[in-house]
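# Close look at the chain arrangement
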Amino acid sequence: MDYLQIKGGRALGGEVEISGAKNSALPILASALLCENLLRIRNLPNVADVKTLAKLLEHLGSEIEWVSPNEILIRSDRIIHTKAIYDIVRKMRASILVLGPLLARFGKCEVSLPGGCAIGARPVDLHIKAMEKMGADISIEGGYIVAKAPNGLKGSDIIFDKITVTGTENVLMAAALAKGETKIINAAKEPEVIQLCEILKKAGVEIQGIGSNELFVRGTDRELLKFEEISVIPDRIEAGTYLCAGAITNSSILLKNVLPLHLEAVTNKLSEIGFGIEAKENTLKITPASKRKAFEIITTEYPGFPTDLQAQFMALATQCDGSSSIEERLFENRFMHVSELQRLGANITLRGNVAKITGGETLIGADVMATDLRASSALVLAALVALGQTQIHRIYHLDRGYERLEEKLSALGAQITRLKEK
Ligand code: EPZ
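Remember, it's a predicted structure, so these values are computed and weren't measured experimentally.

Here strand β8 (residues 137-141) runs beside strand β9 (residues 144-148); their pairing, made up of five bridges, is antiparallel. Note on β9: the bridge partner recorded for I138 is A147.

In structure tokens form, the structure reads like this:
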């Protein structure tokens, strides 16, 4: 297994190119199951989760050609299997995204229950209830969701008790091939959901309400879709992570290939703390703060402050004057990075789902362990300012969602090396 070694205390500077969004690439890959033509997808992030889902599609019978690490050709008109096996799904819970398309197209499928992960139980009950509402018979057998809809799915009113990003995406893809109209109420409206809506609309599906919490979809009654070429939108969470790299080292960094509109809650918070933010059409620049004020964050669905940047801002809070507060409202266990940050000397106290961070402590390098994707990026950020050397272990978590992280950070001036555990 690999680990990262980081020597802290250096200012950063320069430019970083943001990759395609992992959380847009995943539903887009799953939607390839609805497509009858050869599909080209560009600007895919070269990360483990994307490779895992591509493997799952191949296992189902899609023909895949990697044009480059960031571009793929997929032909899915000759799919023969409808079972998403545990061995692949357990590696990446977003594999649940094949449930809607497989069921809508074939009228049956078996998808392994994804199981939980470090940040919480991650149930998929809302996905299952929605498929049942659309006419599927669903049972859980031996850890698999066994779904049947021999006459295809029928359009229906889906009211989500909680806003769910992949739940909304699953229903969108199911509704695209269902018979009749589907209304999704309390839908997620993250940029990644919007891109999926736009792709399906361009492929001939009638969709209204794009960008709102209420979506209307008229299905094609199992007629496959003709997709245009797709370019994945920039990754707003990767972008926010690099903004935090600039913020925590109080440096100037220019981000390229980014959509500032997708990061407004994040850039507003950074300005409030004291940083300069310059937004142009496809770039974002952060410049140093003369004083970094403590802040408050409550994570919520888009366009509010994203839970996927909660850990990164907690690392930043250790460098701000005074006591910051971060409340995690989406996941029940998304504070795994707290104990690791404390190993570096961070002064953090937890009370339920609220963390209080008292800034001003000098962080000292140590051995720490990554526990989940975004927690590991928070440890990298903290290591950039910790005195001496920090080793971050189990960085396979990082590789799931960050493309060439150590290369991009080295280019910004960080002293970071990937080494092999002995
Ligand atoms: C998506 O996960 C993202 N993943 C997550 O990013 C992100 O943290 C999350 O949305 C919230 O923004 C992808 O898009 C692939 P949810 P998802 O369904 O869809 C509860 C990352 O770091 N819920 O929006 O799985 C759930 O427990 C990852 O890139 C149910 O109760 O999240 C949570 O409390 C981590 N039942 C809340 O809803 C369900 O059936 C939001 O979850 C589904 C969800």
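Right, let's get into the sheet that holds strand β10 (residues 157-159). One key point about sheets: their strands pair by backbone hydrogen bonds, in either a parallel or an antiparallel sense. Spatially, four strands are ordered β10-β11-β13-β12 in an open sheet, and the strand pairing comes out mixed. Unpaired on one side and paired on the other, β10 and β12 (206-208) mark the two borders of the sheet. Averaged over all adjacent pairs, the angle separating strand axes in this sheet is 15°, with direction ignored. In the packing of helix α6 (residues 165-177) onto the sheet, the strands contacted are β10, β11 (181-185), β12 and β13 (214-218), and the crossing angle to β13 comes to about 25°.

This paragraph deals with the packing of aromatic side chains. What the rule picks out here adds up to two aromatic pairs. Seen from their ring centres, F305 and F313 are 4.9 Å apart, and the 85° between their planes marks the pair as edge-to-face. We note that F305, like F313, is buried. Taken together, the aromatic side chains of F295, F305 and F313 make up a single cluster linked through ring pairs.

With that out of the way, let us pick up the site of the ligand. Around the ligand lies a shell of 23 residues, among which D125, T164, T166, D308 and L330 are the nearest. R93 places a side-chain nitrogen or oxygen 3.1 Å from an oxygen atom of the ligand. Here an oxygen atom of the ligand and a side-chain polar atom of R334 are 3.3 Å apart. Protein chains bury 91% of the 820 Å² of accessible surface belonging to the ligand in isolation. At the level of secondary structure, the elements contributing two or more residues to the shell around the ligand comprise α1 (22-31), α5 (125-133), α6 and α12 (373-385). Looking at the shell around the ligand residue by residue, the class counts come to ten nonpolar, five polar and eight charged.

This brings us to the environment of S290. Among the secondary structure elements, S290 is positioned in the loop between β17 (283-287) and β18 (296-298). In this structure the C-alpha to C-alpha distance between S290 and F275, which are 15 residues apart in sequence, comes to 7.9 Å.

Basis of the calculations
- Residues numbered from 1 in each chain as written.
- Predicted model: local features only at pLDDT ≥ 70, side-chain atom pairs only at ≥ 80, totals over all residues.
- Heavy atoms only, no water.
- Pairing = 2+ DSSP bridges.
- Helix = DSSP H or I, 4+ residues; strand = E, 2+ residues; numbered from the N terminus.
- Axes fitted to C-alpha atoms, helices over the stretch in contact; angles between N-to-C directions.
- Contact = heavy atoms within 4.5 Å.
- Phe/Tyr/Trp six-rings, centres within 6.5 Å; stacked < 30°, edge-to-face > 60°.
- Buried < 20%, exposed > 50% of the residue type's maximum accessible area, 1.4 Å probe, protein only.
- Near = heavy atom within 4 Å.
- Polar contact = N/O pair within 3.5 Å; in protein donor to acceptor, adjacent residues only side chain to side chain.
- Areas by Shrake-Rupley, 256 points an atom, 1.4 Å probe, with all protein chains shown as cover.
- Nonpolar A, V, L, I, M, F, W, Y, C, P; charged D, E, K, R; others polar.

Honestly, that's just the spatial picture; any functional story needs more than this.
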